[in-house]
Protein chains: 4
Amino acid sequence: MRLAMIGLGRMGSNLALRLMRGGHEVIGFDNNRANVDALAAQGGIAATSLEDLAGKFDGRRIFWVMLPAGAPTESTIETLCKIGSPGDIVIDGGNSFYKDDIRRAKSCSDCQIHYVDVGTSGGVWGLERGFCMMIGGEKEIVDLLDPVFDALAPGKGNLVPTRGRNLSDDRAERGYIHAGPAGAGHFVKMIHNGIEYGLMQAYAEGFDILKTKASEKLPEEERYTLDLTDIAEVWRRGSVISSWLLDLIAIGLAGDHDLAQFSGRVADSGEGRWTIDAAMEEAVPANVLTAALYARYRSRSDTTFGDKLLSAMRFGFGGHVEMPQ
Amino acid sequence: MRLAMIGLGRMGSNLALRLMRGGHEVIGFDNNRANVDALAAQGGIAATSLEDLAGKFDGRRIFWVMLPAGAPTESTIETLCKIGSPGDIVIDGGNSFYKDDIRRAKSCSDCQIHYVDVGTSGGVWGLERGFCMMIGGEKEIVDLLDPVFDALAPGKGNLVPTRGRNLSDDRAERGYIHAGPAGAGHFVKMIHNGIEYGLMQAYAEGFDILKTKASEKLPEEERYTLDLTDIAEVWRRGSVISSWLLDLIAIGLAGDHDLAQFSGRVADSGEGRWTIDAAMEEAVPANVLTAALYARYRSRSDTTFGDKLLSAMRFGFGGHVEMPQ
Amino acid sequence: MRLAMIGLGRMGSNLALRLMRGGHEVIGFDNNRANVDALAAQGGIAATSLEDLAGKFDGRRIFWVMLPAGAPTESTIETLCKIGSPGDIVIDGGNSFYKDDIRRAKSCSDCQIHYVDVGTSGGVWGLERGFCMMIGGEKEIVDLLDPVFDALAPGKGNLVPTRGRNLSDDRAERGYIHAGPAGAGHFVKMIHNGIEYGLMQAYAEGFDILKTKASEKLPEEERYTLDLTDIAEVWRRGSVISSWLLDLIAIGLAGDHDLAQFSGRVADSGEGRWTIDAAMEEAVPANVLTAALYARYRSRSDTTFGDKLLSAMRFGFGGHVEMPQ
Amino acid sequence: MRLAMIGLGRMGSNLALRLMRGGHEVIGFDNNRANVDALAAQGGIAATSLEDLAGKFDGRRIFWVMLPAGAPTESTIETLCKIGSPGDIVIDGGNSFYKDDIRRAKSCSDCQIHYVDVGTSGGVWGLERGFCMMIGGEKEIVDLLDPVFDALAPGKGNLVPTRGRNLSDDRAERGYIHAGPAGAGHFVKMIHNGIEYGLMQAYAEGFDILKTKASEKLPEEERYTLDLTDIAEVWRRGSVISSWLLDLIAIGLAGDHDLAQFSGRVADSGEGRWTIDAAMEEAVPANVLTAALYARYRSRSDTTFGDKLLSAMRFGFGGHVEMPQ
């Protein structure tokens, strides 16, 4: 199929390349001309503007928007709705908030344009491993796009099949699902990322306890100096906690045992926060996912006003002095 | 009554003074001779050693040990058991772990010495306000010591009586209780401190959100610059969250709006940790009390190895770079 | 001053009565005619509709809306904007979300009507104790309403003054503050409630550990049977954790030692959740306030799907069987 | 090598079988004679008592104890120390607390018996997949036992090697490590399990939010009915959160979409709790690991006294009624 990729950053260009490898034609556009040229050099079709790009389709147009969530995605989709013709398809493959999808799907629908949201996991490894996709939108349109998703997805590979699955629909086994109507794709992807935060923090705390076991916080006779690199490696083998994140930990520690190159200040993106919003709307207790998010907030501050307030109270009732030396 | 106070630091000397104001005779001992002299200057009886102190009783001796928990308390009580005679009473008024009380009560009992544990709250304000006491030990001995506890306790004051209380035993209303057998006093005091951590952290987080509402983390049009000093003050009046800790916050903020004098590194003592141990032994979920303790741990580190591990994973799957500039 | 109270439920009628006691004239309206009659019987002026009520003012009208947050408040304020004249004042004294205040203040302003938001704490005790108020809006209007707030507030009472306060503005000491522009009153009240959740949960967990110390979860020799009623009472006296909430706990336990009358299913209102939203917008870690909210969510479910998923995993890797007997 | 396996439950018998498949001779003993017979039927050597078992060695004896942690393991090791001869080796392959290992290693050492602790992960799948092992003890003894560990471990298999590893010691890649002196094996295994709890709870909360998205807690227009079975399956493919636990979730959901067979009451074992103890000893904040443990505690109670106390306070300040209908 012929498809336009709008946004040729790390994710967009990898998606485009994997689509071309799968036999699709990709028209590429990016505000950064160099990214467009890079794609063209690998066999893509260069577009100089959204209008130019829209002119490179014969029949039904398929626009895959791969831009930062928020204003860039929003304004691009608005423009595509104006440029597009009835029957065209706009796919938001970025990290949009699912309620924005619902709203956009409605306004696209007013122009008879179909809206599909695709939550995409795979990061920088997706080009080689394939992308895991969670899709929201109308059934007919998602079905129509099946060759696109099939090309992007990892495929069955040599993974052990799950015992007891009903095999009538094997899309999940090939690496993509039609999760539900508009927004459902990004909703599932959002929860995916919420879980990701929790998993990462579980490993982080565990390794922190292992590491600190050698520290001077403990009496000398209670210390162990553990080889975290070997521990990460051995847990990859037959242990209950083996995972792809653990594979990455093993790689990270193999290259830098003390992780001295990292500042310890950890960013978070919208999806972690939206997961907590969803938990609150549903009144689902999500202590682990929330604590994981808060640990990142805390990592970015040297101290907090709240910490000082604790000291002020301690000084007030007990005369404890916690001032800088 | 005549009573020996062993350990004349901030807490011990205040207890001794309040006892003397209540008409009791206090023999004081401390490794720091200056503390003993200070007490003597205010009417106390100076002792130069534990043996000297033991010699200043005619009949049944009452030893109140007010020393740091752990080794200092432990060794002093061992000595007192040797020095003492059958029928003597040893009171541990410090912050001992309740399981140590149970063990010590047994070994004291082997020497026919009575052991009483008293969890004492009141801090530097206790001299004037009185001390809140939670007592563990044999009923007859606790009853016998009643004049001591009565003198130390705040008394009924002008507090509104609790509707619906059965008034046969008014000790709780005067500020002390016989909580149960050996260890029960410190067990209740331990939970008291666990709750204290939780209350303090609840205020800390709330004021942190108030403070940060003025910060550049938020878009300019979403900021409020709030007067935290006035907020603490107004909450003291008729609000659901008025408390003595809030009174202390109001004092702290009145003197230093930004709490700039504090480092933000907050200590914790054994009781907070033991409360979590107890929660775990009882399989009681204690998310708030534990999070309060962990916030203090975190306040004392600039960063954690776990934070860096998060960055290492983020670099691994997404190429995100979180290194120092 | 003459003031209209719209909504004469528990809170509205108590506010009206306290205002009348303070010498103000109150016109009352409520969809439930019986509430209006009850107020009239105590000296209020009955109104039969919002229009009728608006007609009972000579000059500048002051409308105090005391209705459930959300649709009831929203539609009433819209109507008042239509009925009112330039210069009139609409006060939202309920539990509105502060972002709704900001929006409404703008739309009221389009009709030259002044909007004031008042976060009100005091519950069923406010009539006697006075109400603690956090106020947002234009300075001139808040100043103009000062006699109203003064009458509602607790006043200085016999509370110990806070050491070190600058006394030029004593409103906070009398029980109300002008927190800032529109929304600031409800923002501060929202954080107040967030803190309230945290405080309550800290006590809840502590008492849970005390209570469970007598349970069969522990070996018999490790149990204490503690008198929680006395413990709550004694902590009111000179302890660091004395508070108004603790006073309520003491009352609650005095009447019902086992709290057997309660189901254990605990509601939450918007303010707890919005506090967490604010924490997330500001990237402030709020582990305690969040855990307090989640404990309430969890209290309302017998089990969760997540719990079952844990069992499914345990069965998967270890053959552990956690099925109903 | 010839080795005695003491304890032929699920884990012990699987270890024995895998050892025999690897060419080792296993003498088996279990209090349940049937377990011994079952092993003998598959080629093992039956022993009728610990003494009998000890008599079936020519030279240095190797005892692998695979019993429940606590009293059974403790008393067996005591007996083996008496029965054994200088130079013999006792391996504790169960889930012992690492501080017990340190103590036991010392007392074994007094009898010139070598003590090795092996934390073993792999569950019911270990027979086929191999066991992941974390080993503590003297270097010479661990080296001497290498053929045993090699036979039990998964081996390198077809796992992608970790980029950047130094290959001089490939034991970690084959699935076992010598973590350090006595206790280090079980310490690392303990943290492994602590992490496991955190990972499991992260998935549990995420799937709970997905599931509840279809519930009547939400307005109808905000619901999605998601196919959790397909979601688990698709996340196995190329997503950041793929893991072995997720494979198990996929299997569990494929067989029982609603997990209706599970009660939702989830057990915990010592290792999760000890991990929190370790975090507290090291003052490492471990919010996620702790919250994961507490979720299991909470899952086993219908309600808590703390929940009721919240309702008592709410009734006290607001007249809110939360009693059973």
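That block above? That's the structure.
Residues numbered from 1 in each chain as written. Chains lettered and ligands numbered in written order. Predicted model: local features only at pLDDT ≥ 70, side-chain atom pairs only at ≥ 80, totals over all residues. Heavy atoms only, no water.

## Structural notes on the overall build of chain A
Scanning chain A for helices and strands turns up 15 helices and 8 strands. In terms of overall dimensions, chain A has C-alpha extents of about 75 × 45 × 45 Å along its principal axes. Expressed as a percentage of the 325 residues in chain A, the buried residues total 63%. Look at the contacts in chain A between residues 6 or more apart in sequence, and 63% of them connect residues 24 or more apart. In the structure as shown, chain A presents an accessible area of about 11300 Å², 51% of it carried by carbon and sulfur atoms. Across chain A, 34 positive and 44 negative side-chain charges occur, with their mean positions spaced 0 Å apart. (Helix = DSSP H or I, 4+ residues; strand = E, 2+ residues; numbered from the N terminus. Buried < 20%, exposed > 50% of the residue type's maximum accessible area, 1.4 Å probe, protein only. Contact = heavy atoms within 4.5 Å. Areas by Shrake-Rupley, 256 points an atom, 1.4 Å probe, with all protein chains shown as cover. Lys, Arg positive; Asp, Glu negative; His and termini not counted. Charge placed at Lys NZ, Arg CZ, Asp CG, Glu CD.)

## Here's the deal with the relation of the copies chain D and chain A
Overlaying chain D on chain A yields an RMSD of 0.1 Å, the required transformation being a rotation through 180 degrees with an accompanying axial translation of 0.0 Å. Taken together, these values place the two copies in the relation of a two-fold axis. If distances are taken from each C-alpha of chain D to the rotation axis, the shortest is found for S243 of chain D, at 1.9 Å. Comparing contact sets, 99% of the residues at the interface of chain D also lie at the interface in chain A, consistent with an isologous, same-surface contact. (Least-squares fit on C-alpha atoms with pLDDT ≥ 70 in both.)

## Quick notes on helix α5 (residues 98–110) of chain B
Residues spaced three or four apart along an α-helix point in a common direction, a consequence of the helix completing one turn every 3.6 residues. Residue and element names in this part refer to chain B. The end-to-end C-alpha separation of α5 is 19 Å, in line with the 18 Å expected for 13 residues at 1.5 Å each. Listing the buried residues of α5 in full gives Y98, D101, R104, A105 and C108. When α5 is viewed along its axis, its buried side chains cluster within an angular range of 110 degrees and face the same direction. Along α5, exposed side chains directed more than 90 degrees from the buried face belong to K106 and D110. Looking one or two residues beyond α5, the residue adopting positive phi is Q112, at roughly 60 degrees. (Expected span 1.5 Å × (residues − 1). Arc of directions from axis to C-beta.)

## Points about the interface of chain C and chain A
Note on interface size: it is often stated as the accessible area lost on association of the parts. The interface is formed by 20 residues belonging to chain C together with 20 residues belonging to chain A. Summed over both partners, the interface of chain C with chain A buries about 1600 Å², with 69% contributed by carbon and sulfur atoms. Connecting chain C to chain A are 0 salt bridges. Linking chain C with chain A are 6 residue pairs in polar contact (both at pLDDT 80 or more). Considering each element in turn, the side of chain C that touches chain A owes the most residues, 7 residues, to helix α14 (residues 287–299) of chain C. Across the side of chain C that touches chain A, the residue classes tally to 13 nonpolar, 2 polar and 5 charged. (Buried area = accessible area lost by both parts, 1.4 Å probe. Salt bridge = Lys/Arg side-chain N within 4 Å of Asp/Glu carboxyl O. Polar contact = N/O pair within 3.5 Å; in protein donor to acceptor, adjacent residues only side chain to side chain. Nonpolar A, V, L, I, M, F, W, Y, C, P; charged D, E, K, R; others polar.)

## Considering the packing of helix α10 (residues 184–212) of chain C against helix α13 (residues 270–282) of chain C
Two measures define how a pair of helices packs: the angle their axes make with one another and the distance between the axes. Residues and elements named next belong to chain C. Contact pair α10 / α13: the axes reach a minimum separation of 8 Å and the direction vectors enclose 105 degrees. It follows that α10 is roughly perpendicular to α13 by the angle criterion. Contacts from F187, K189, M190, I191, N193, G194 and Y197 of α10 reach α13 at E271, G272, W274, T275, A278 and E282. A class-by-class count of the residues in the contact of α10 with α13 yields 6 nonpolar, 4 polar and 3 charged. (Axes fitted to C-alpha atoms, helices over the stretch in contact; angles between N-to-C directions. Parallel < 35°, antiparallel > 145°, perpendicular 65-115°, else oblique.)

## Describing the pattern of salt bridges
Taken as a whole and judged by the stated rule, the model has 112 salt bridges over all chains. When the shortest N-O distance is used, the salt bridge between R165 of chain D and E233 of chain A registers 4.0 Å. With one member in each of two chains, R165 of chain D in the loop between α8 (146–152) and α9 (171–174) and E233 of chain A in helix α11 (residues 228–235) form a pair that bridges those chains. Across this residue pair, the class does not change: R165 of chain D and E233 of chain A are buried. For R165 of chain C, the salt bridge is made with E173 of chain C, and the minimal N-O distance between the two is 3.5 Å.

## Let's talk about the pairing of strand β6 (residues 114–121) of chain C
Residue and element names in this part refer to chain C. The buried fraction of β6 is high, at 8 of 8 residues. Of the two faces of β6, the one holding H114, V116, V118 and T120 and the one holding Y115, D117, G119 and S121 are both buried throughout. Bridging between strand β5 (residues 89–92) and β6 involves 4 bridges; their strand directions are parallel. Each bridged residue has a counterpart across the sheet, and for I89 the counterpart in β6 is H114. Regarding topology, helix α5 (residues 98–110) serves as the crossover connection from β5 to the parallel β6, and that connection is right-handed. (Pairing = 2+ DSSP bridges. Right-handed = clockwise from strand over helix to strand, strands pointing away.)

Read these as spatial facts, not as claims about activity.
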